[in-house]
Amino acid sequence: MTEATSPSSGVAALDSRRRAVAVAVAFKIALALCFVVAIAVPLDHLEGKGMLFRFPLFMLSAVVVPLAWRGRFRPYPATADVLIVAPFLIDTLGNLAYVYDTFEATDDVLHTLNWILLVGAFHAWRYRRGGTSLSRADAWLLGASLGALAIVGWEAAEWIVAETGAGGGLDLTYDDTVADLVLSTGGGMIGSAIAVALFPPPRANSSIENS
């Protein structure tokens, strides 16, 4: 049985667009290709970036939405899929293109931007699953809190890699860690506000379609 959601409402309108799924697939392919280059081609500027550590973690983003969805409703939640893969693709492209080392502010900007996207992905998924019981203020706080928890977990994982040298190790400083925590938490707050405003609750159809 597949639950149908009105494509004229909320984020379902974006998910029902003709090329929505194709865009989601293209993001995943681009991410995989970036890692093929990063791992297979010896690039000096990737030393200390922990690309082997990043590879399995980043590629998990490509399967999170499909595994959670499993055909349980229509249309496919392409918006959430794109938004959850986009931060990992942007980060990988930034490393490949030597942007992080060329422009000092890149890490700060992308930590903020990527958390806007990640929290947006959470809300895009939540609203597709009928997450309408919270007030806008509570919904914003839920998304912002998830963003804060995510950056704490990410920084803890990076610290483990830096301490153990796993996956090629990472070059980290205390200042970088604190800045990342603040900027990503701020990005999550912004992303939650934007998503709550742009992804209004969907209207579930009364009919149930056979899958």
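Here, the structure is the one placed above.
Residues numbered from 1 in each chain as written. Predicted model: local features only at pLDDT ≥ 70, side-chain atom pairs only at ≥ 80, totals over all residues. Heavy atoms only, no water.

Asker: In this structure, what is going on with the overall build of the chain? I would like to understand it.
Answerer: Helices and strands together make up the secondary structure of the chain, namely eight helices and three strands. Counting from the amino terminus, the chain carries its helices and strands in the arrangement β-α-α-α-β-α-α-α-α-α-β. Every one of the 211 residues in the chain was classed for burial, and the buried ones make up 41%. Just so you have it, the chain exposes about 10,900 Å², and 67% of that area is on carbon and sulfur atoms. (Helix = DSSP H or I, 4+ residues; strand = E, 2+ residues; numbered from the N terminus. Buried < 20%, exposed > 50% of the residue type's maximum accessible area, 1.4 Å probe, protein only. Areas by Shrake-Rupley, 256 points an atom, 1.4 Å probe, with all protein chains shown as cover.)

Asker: When you look at the packing of aromatic side chains in this model, what are you seeing that I'm missing?
Answerer: The description of two aromatic rings rests on the distance between their centres and on the angle between their planes. Counted under the stated rule, the structure contains six aromatic pairs. An angle of 90° between the planes, with centres 5.7 Å apart, marks the rings of F35 and F58 as edge-to-face. Of this pair, F35 sits in helix 2 (residues 20-40) while F58 is found in helix 3 (residues 51-69), placing the two residues 23 residues apart along the sequence. For the residue pair F35 and F58, the accessibility class agrees, reading buried in each case. For R126, the ring lying beneath its charged end belongs to Y127, and the centroid distance is 4.6 Å. (Phe/Tyr/Trp six-rings, centres within 6.5 Å; stacked < 30°, edge-to-face > 60°. Lys NZ or Arg CZ within 6 Å of the ring centre and 35° of its normal.)

Asker: Looking at this structure, I do not really get the nonpolar core. What am I missing?
Answerer: Considering soluble globular proteins, one finds that nonpolar side chains tend to be buried as a cluster. If you look at the biggest cluster of nonpolar residues, it comprises 35 residues, and the most contacted ones within it are L31, V65, L83, A124, Y127 and F199. Going through the elements one at a time, helix 2, helix 3, helix 4 (78-96), helix 6 (106-128), helix 7 (136-164) and helix 8 (174-198) are the ones with two or more residues in this core. With residues up to four places along the chain from it excluded, the contact list for V65 reads Y76, P77, A80, D81, I84 and W125. (Core = buried A, V, L, I, M, F, W, Y, C linked by side-chain atoms within 4.5 Å. Contact = heavy atoms within 4.5 Å.)

Asker: Got a minute to help me understand the pattern of salt bridges in this structure?
Answerer: Opposite charge on two side chains makes pairing possible when the charged atoms of those side chains draw close. Evaluation of the coordinates by the stated rule reveals three salt bridges. A salt bridge links R128 to D15, with the nearest nitrogen and oxygen atoms 2.6 Å apart. Here D15 lies in helix 1 (residues 12-15) and R128 lies in helix 6, a separation of 113 residues in the sequence. For the salt bridge of K28 with D81, the shortest nitrogen-to-oxygen distance reads 2.8 Å. (Salt bridge = Lys/Arg side-chain N within 4 Å of Asp/Glu carboxyl O.)

Asker: Please explain helix 7 as it appears in this structure.
Answerer: Because each turn of an α-helix spans 3.6 residues, side chains separated by three or four positions end up pointing in the same direction. For helix 7, spanning 29 residues, the distance from its first C-alpha to its last is 42 Å, which sits close to the expected 42 Å at 1.5 Å a residue. Burial in helix 7 covers these residues: A139, G143, A144, G147, I151, W154, E155, E158 and V161. Tucked into the core, helix 7 has its buried residues touching helix 3, helix 6 and helix 8. (Expected span 1.5 Å × (residues − 1).)

Asker: I would appreciate a short explanation of the environment of Y127 in the present structure.
Answerer: Along the chain, Y127 turns up in helix 6. Judged by its relative accessible area of 5%, Y127 is buried. A sequence separation of 47 residues divides Y127 from A80, and the C-alpha atoms of the two residues are 10.0 Å apart.

Asker: Sorry if this is basic, but what is going on with unusual backbone geometry here?
Answerer: Note the cis peptide between R74 and P75, where omega equals -10°. Note on placement: P75 falls in the loop between strand 2 (73-74) and helix 4. One non-glycine residue with positive phi stands out, namely Y98, at about 65°. Relative to the helices and strands, Y98 is located in the loop between helix 4 and helix 5 (99-102). Residue classification places Y98 among the partly exposed residues on the basis of a relative accessible area of 39%.

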